[in-house]
Amino acid sequence: MPASQELTRARASARTEGSVLEVALEGPWRLDGETPRWSSVVGGARPSAVRLRADGVSRWDTSLVAFVGEAQRWCSDAGVACDTALLQEKMRLLGGQFAESLRAGARDDHSRSLLVEVGLSTREAMGETRDFLQFVGECWIGAKRLVAGQAGFRWNDCLGEMQKCGAMALPIVSLISFLVGITLAYSGAIVLRRFGGDIWVADLIGVAMTREMGAMMAGVVLAGRTGAAYAAEIGSMKANEEIDALTILGISPVRFLVLPRVLALGLMMPLLALYANCLGILGGMAVAYTTLDIPPAAYWVEMLTIVDLPDVAVGVIKSVVYGLIVGLSGCRRGLQAESNAAGVGQAATSAVVTAILFIIVADAVFAVVFNAIGL
Amino acid sequence: MIKEATPAIEVTGLACSYQDYKVLEGVSFKVRSAEIFFIVGPVGVGKTTLLRNMVGLATPVHGEVRFNGRSFTSADPAERREMLKSFGLSFQGGALWTSLTLSENITLPLEEYTRLPRDEIERIAAFRLAQVGLAGFEDYYPSEISGGMKKRAGLARALALDPTIVFFDEPSAGLDPIGARNLDRLILQIRDTFGTTIVIVSHDVDSIVGIADRLIMLDVQTRGIIAEGPPGALIAGPSDPKVVEFLTRRTVRSG
């Protein structure tokens, strides 16, 4: 029965009439208020029938529907009759629908066992390897056709990309390689000073920059700057069906999108690496002059006693390979991207990770190979 | 039936899957030359998947697709490229290349496949744009025009190489009723002028009833075709209640 003064919160009071459990709902039933739950109302009672009434309800929404639904579900699971005749027509209808949606087995089992998961991952990895080889093969065929002059290569695109990945990367490459030169000089000085060989800082910087750090830093900067941009650009083209539009016209995305970009990076990276070498050496020179009292001329002359053309060549060879790695992984991740916004972000991230990983791996391989051939 | 000429498209026993789900099985149909042919069915039934498998954007699990009597599915890459030249596809969102202007979007296929001089190519591009009502928009980038305009520009690109078969993926999606009707009119005009075979994936009942010569309807349960024929005959004739329901938007079944 409606309470004399208006209730401020929902209430469900249970009353036992013989073996019938009568539950009266009262007050405002709102999702954002506190509402009783069926399980706490019924407790451990085992009535032979349940009757629901809602004459005291002032307002109601899905919270009441949920309560009625759970009650009906409970009754049908326990084999108890549920009398909803005293509820409003709408409550009865919605409550029934709610109870139906709670039915066990209504939800598809989407979980997978460990074994299935392992199998699927293995298959995926195999597919990925095949796709990757196919991609590299396609690039190879495209490059061969380019060299043979058969394919209409888009030089304009390539020049634009060269500007974007080369010239426009100069400021950041300058800053980073200059700072690398400085840090190398400081850490070198700590060791060399013990032997009174401050001047050998010049040798250390010269060799480290030309053989290793110039190419490596240019590679890492371009992986983050250009590789990620390629992945995001190609990935969003894929999401927009632009890649399909190329395919349907018989234009290979590899020839149209990948080759100009990879070639641009392959051409610009050695130049950036040489530039990074210079800036790194300058950074070292600055530290030598200001904190070790080595005049720039002495630094330069000392450096030339050890740095030779093969050292520079080693750096340049590495940088070409790093450029190809950055370009290929950026484009590959872009083409692989899932066709949605999240896929594009993921492609950009994994392009950077892949590129840096392979740069480090390639560097290790180079170290072994150059050592073996005495370069 | 009278023995007819080689069909423009012949699909035999095609089975396609989307990711790992088998979507369609044993789909076979023929599309006659210069016909406006609809692939219809509820959302999620695999219409677009079927289209992608037909044009080679996806590889069918099974079955064969022939264009003008030549097998497409078993063609080698060079042959395939040759065949791709003869069809155009108008994508759902236009799929224009965003880094190129509208004019460049249309000139690209022409540059790829023809040896026409530059100014001639540009004139053709301008003509194609004018055909779809976009005269003067040559130097606009896709990001600068509306969704409906993108769609029309995509159609202009699909028509660039005078294809004999044009595929449409949901042409009326994202268009207002008037825009959709204008597009229908344009499609009819293309067919009537150039004798182009047109295959349209759609669930827009108005354009199906309005311009379809024949249609196939796909069904989720049977994973295949449940009806084939002209829309009028399907509505009037003794067909599956699902088909009549779809085409007339009335509930036919009781309960």
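Everything quoted here is computed from the prediction, not taken from an experiment.

Caption draft 1: Seen up close, the overall build of chain B. The helix and strand tally for chain B stands at nine helices and ten strands. Here the C-alpha radius of gyration of chain B, 19 Å, is about what a compact globule of 255 residues would show, namely 18 Å. Buried positions account for 41% of the 255 residues belonging to chain B. For chain B, contacts bridging at least 24 residues in sequence account for 65% of all contacts bridging at least 6.

Caption draft 2: Looking closely at the overall build of chain A. If you tally the helices and strands in chain A, you get twelve helices and four strands. Computed over C-alpha atoms, the radius of gyration of chain A comes to 36 Å, more than 25% over the 21 Å expected from 2.2 N^0.38 for 375 residues, which places it beyond the range of a compact globule. Its C-alpha atoms give chain A principal-axis dimensions of about 105 × 60 × 40 Å. Taking as baseline every contact in chain A between residues at least 6 positions apart, the subset at least 24 positions apart corresponds to 83%.

Caption draft 3: Spatial organisation of the interface of chain A and chain B. Between chain A and chain B, the residue contacts involve ten residues of the former and 13 residues of the latter. A per-class count over the side of chain A that touches chain B returns four nonpolar, three polar and three charged.

Caption draft 4: Representation of the pairing of strand β4 (residues 81-86) of chain A within the structure. Residues and elements named next belong to chain A. Pairing geometry for strand β3 (residues 49-60) and β4, over four bridges, is parallel. What sits directly across from R51, in β4, is D83. With helix α2 (residues 62-78) bridging β3 and the parallel β4, this β-α-β connection has right-handed handedness.

Caption draft 5: Region of interest: the sheet that holds strand β3 (residues 36-40) of chain B. Residue and element names in this part refer to chain B. If you trace the six strands from one edge of the open sheet to the other, you get β6-β7-β8-β3-β9-β10, paired in mixed fashion. The open sheet has two edge strands with one neighbour each: β6 (87-90) and β10 (224-229). Strand-to-strand twist in this sheet, taken as the mean axis angle between neighbours without regard to direction, amounts to 15°. The pairing of strand β9 (residues 214-219) with β10 spans five bridges and is classified as antiparallel. Residue pairing in the sheet places I216 in a bridge with E228 of β10.

Caption draft 6: Region of the structure containing the nonpolar core. Ranked by size, the top nonpolar core spans 143 residues in total, and within it I205(A), A218(A), I39(B), V166(B), F167(B), V199(B) and M217(B) carry the most contacts. Excluding anything up to four places from it in sequence, A218(A) contacts V173(A), M269(A), L272(A), A273(A), A276(A) and S319(A). Core analysis: the second largest hydrophobic core is formed by 23 residues, V50(A), A54(A), F67(A) and A71(A) among them.

Caption draft 7: Local environment of the environment of I39(B). Residue and element names in this part refer to chain B. Looking at the element boundaries, I39 is found in strand β3. We classify I39 as buried; it has 27 C-beta atoms within 10 Å. When the C-alpha atoms of I39 and F168 are compared, they prove to be 10.0 Å apart, with 129 residues separating the residues in sequence. With residues near it in sequence (within four places) discarded, I39 still touches K47, L50, L51, V199, V201, I216 and L218.

Caption draft 8: Main features of the sheet that holds strand β2 (residues 20-29) of chain A. Residue and element names in this part refer to chain A. An order of β1-β2-β3-β4 is seen for the four strands of this open sheet, with the pairing classed as mixed. In this open sheet, the two edge strands, each paired with only one partner strand, are β1 (11-17) and β4. Across the sheet, the mean angle separating the axes of adjacent strands is 20° when strand polarity is ignored. Direction of pairing for β2 relative to β3: parallel, over a ladder of eight bridges. Following the sheet pairing, E26 is matched in β3 by G56. Along the sheet, α2 contacts β1, β2, β3 and β4; its crossing angle with β3, the most-contacted strand, is approximately 180°.

Caption draft 9: Focus on unusual backbone geometry. Residues and elements named next belong to chain B. Not every positive phi belongs to a glycine, and N68 is a case in point at roughly 50°. Counting through the fold element by element, N68 comes out in the loop between β4 (62-67) and β5 (70-71). Taking the C-beta count within 10 Å as the criterion, N68 has 17 such neighbours and is therefore assigned partly exposed. The backbone of A95 shows a phi angle near 50°, a positive value even though the residue is not glycine. Looking at the element boundaries, A95 is found in the loop between β6 and α3 (102-113). The exposure class of A95 is buried, given the 26 C-beta atoms found within 10 Å.

Caption draft 10: View of the environment of G219(A). Residue and element names in this part refer to chain A. Among the structural elements, G219 can be located in helix α7 (residues 201-239). Along the backbone, G219 and E138 are 81 residues apart, and their C-alpha atoms lie at a distance of 24 Å. Ignoring sequence-local partners within four residues, the contact set of G219 consists of S319, Y322, V326 and I359.

Caption draft 11: Highlighting the domain arrangement of chain A. Along its sequence, chain A is carved into domain 1 (11-101), domain 2 (111-142) and domain 3 (153-372). Inter-centroid distance (C-alpha atoms) of domain 1 of chain A to domain 3 of chain A is 69 Å.

Caption draft 12: The arrangement of helix α6 (residues 170-194) of chain A in detail. All names here are of chain A. Relative to the 36 Å expected for 25 residues at 1.5 Å per residue, α6 spans 37 Å between its end C-alpha atoms, a close match to the ideal helical length. The largest bend along α6 reaches roughly 30° and is located at G188. Here α6 has its buried residues at V173, S177, V180, G181, L184, A185, G188 and A189. Those residues of α6 that are buried are in contact with α7 and α9 (253-291). After α6 finishes, the residue G196 shows a positive phi value of roughly 70°.

Caption draft 13: Structural context of the packing of helix α4 (residues 114-148) of chain A against α9(A). All names here are of chain A. Look at α4 against α9: their axes get within 10 Å of each other, and the N-to-C directions meet at 80°. In this view, α4 runs roughly perpendicular relative to α9, as classed from their interaxial angle. Residues E138, C139, G142, A143 and L146 of α4 touch α9, and the partners they reach there are V254, R255, V258, L259 and V262. Its residues assigned to classes, the contact of α4 with α9 comprises seven nonpolar, one polar and two charged.

Caption draft 14: The arrangement of the pairing of β1(A) in detail. Residue and element names in this part refer to chain A. Taken together, the seven bridges between β1 and β2 define a ladder with antiparallel strand orientation. Bridge pairing in β2 places R11 opposite E26. Between β1 and the antiparallel strand that follows it, β2, lie two residues; G18 among them carries a positive phi value of about 65°.

Caption draft 15: Highlighting the environment of R214(B). Secondary-structure assignment places R214(B) in strand β9. Leaving out residues up to four positions away in the same chain, R214(B) has contacts with E35(B), F37(B), G229(B) and P230(B).

Caption draft 16: Quick peek at the packing of α3(B) against helix α4 (residues 118-131) of chain B. All names here are of chain B. The N-to-C vectors of α3 and α4 enclose an angle of 125°; their axes lie 9 Å apart at closest approach. Taken together, the axes of α3 and α4 lie oblique to each other. Crossing geometry of α3 relative to α4 is assigned as right-handed. Between α3, through L102, S103, I106, T107, L110 and E111, and α4, the contact on the second element is made entirely by I121, E122, I124, A125, R128 and L129. Taken together, the residues of the contact of α3 with α4 break down into seven nonpolar, two polar and three charged.

Cut-offs applied
Residues numbered from 1 in each chain as written. Chains lettered and ligands numbered in written order. Predicted model: local features only at pLDDT ≥ 70, side-chain atom pairs only at ≥ 80, totals over all residues. Helix = DSSP H or I, 4+ residues; strand = E, 2+ residues; numbered from the N terminus. Rg over C-alpha atoms; globule rule 2.2 N^0.38 Å. Buried ≥ 20, exposed ≤ 12 C-beta atoms within 10 Å, placed from the backbone. Contact = placed C-beta atoms within 7 Å. Nonpolar A, V, L, I, M, F, W, Y, C, P; charged D, E, K, R; others polar. Pairing = 2+ DSSP bridges. Right-handed = clockwise from strand over helix to strand, strands pointing away. Axes fitted to C-alpha atoms, helices over the stretch in contact; angles between N-to-C directions. Core = buried A, V, L, I, M, F, W, Y, C linked by C-beta atoms within 7 Å. Domains from an automatic or database assignment. Expected span 1.5 Å × (residues − 1). Bend = angle between axes of the 7 residues up to and from the residue. Parallel < 35°, antiparallel > 145°, perpendicular 65-115°, else oblique. Left-handed = near helix turned anticlockwise from the far one by under 90°.

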